[in-house]
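Next come the chains, spelled out residue by residue.
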Amino acid sequence: MTLEEAKRILDAEISVGDELMDRRIMMACGSDLMSDVLSFVKSDYLLLTGLTNLQVVRTAEMTDLAAICFVRGKRPDEDTVKIAEAKNIPLLTTPLSMFEACGRLWKQGLRGFPGK
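What you see is a predicted model, and the numbers here were worked out from it, not measured in a lab.

What counts as what
- Residues numbered from 1 in each chain as written.
- Predicted model: local features only at pLDDT ≥ 70, side-chain atom pairs only at ≥ 80, totals over all residues.
- Heavy atoms only, no water.
- Disulfide = S-S within 2.5 Å.
- Salt bridge = Lys/Arg side-chain N within 4 Å of Asp/Glu carboxyl O.
- Helix = DSSP H or I, 4+ residues; strand = E, 2+ residues; numbered from the N terminus.
- Buried < 20%, exposed > 50% of the residue type's maximum accessible area, 1.4 Å probe, protein only.
- Core = buried A, V, L, I, M, F, W, Y, C linked by side-chain atoms within 4.5 Å.
- Contact = heavy atoms within 4.5 Å.

J.: How should the state of the cysteines be read in this particular structure?
T.: Such a bond, covalent and formed between the sulfur atoms of two cysteines, is termed a disulfide. One pass over the structure, following the stated rule, counts 0 disulfides. Cys102 provides the cysteine sulfur closest to Cys69, a residue in no disulfide bond, and the two sulfurs are 9.5 Å apart. With no disulfide of its own, Cys102 has Cys29 as its nearest cysteine by sulfur position, at a separation of 8.0 Å.

J.: Can you walk me through the pattern of salt bridges in this structure?
T.: Between side chains of opposite charge, a pair can form when the charged atoms approach closely. The final tally for this structure, using the stated rule, is 7 salt bridges. Here Arg75 makes a salt bridge to Glu13, at a shortest N to O gap of 3.0 Å. Here Arg75 is found in the loop between β4 (67-70) and α4 (78-87), whereas its partner Glu13 is found in strand β1 (residues 13-16), with 62 residues between them in sequence. Under the relative-accessibility criterion, Glu13 is labelled partly exposed at 45%. Between Arg104 and Glu100 there is a salt bridge, with its nearest N and O atoms 3.0 Å apart. Of this pair, Arg104 and Glu100 both sit in helix α5 (residues 98-107), separated by 4 residues, roughly a single helical turn. Accessibility expressed as a relative area gives 36% for Glu100, which makes it partly exposed. Connected through shared salt-bridge partners, Asp11, Glu100 and Arg104 make up one network.

J.: Explanation requested: the nonpolar core in the structure shown.
T.: Grouped burial of nonpolar side chains is what soluble globular proteins tend to show. Membership of the largest hydrophobic core comes to 21 residues, with the highest contact counts inside it found for Met1, Leu10, Ile25, Leu46, Leu48 and Leu105. Within the residue set of this core, elements represented by two or more residues are α1 (3-9), β3 (45-49), β4 and α5. Each residue touching Ile25, except ones within four places of it in the same chain, is listed here: Met1, Thr2, Leu3, Ala6, Asp44, Tyr45, Leu46, Ala66 and Leu110. Core analysis: the second largest hydrophobic core is formed by 17 residues, Val56, Leu65, Ala84 and Ile89 among them.

Have a look at this one:
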């Protein structure tokens, strides 16, 4: 699935990375605990989260993710946007809850990380 397809499925808006919507995503992860995200490090995934702080972008850097999507209509602050732009990490925002966003992606065939 591409980020453009995920954007459409999630009714999302792009905050950063409009030119990167052709990136492929292989999995998705819905979490507000960045320690959990770090424990399931994979490449080319979409992170769905309600956290909008710099820590989310720092975690993204460490895990080689494809993009971050903020749920529940949350918007990142200016510092988070600047760091994401500098690191070439797309940021999206969806009005959906995390549960519904993950469900929509699952229904369209995108899977999550296998359990440990």
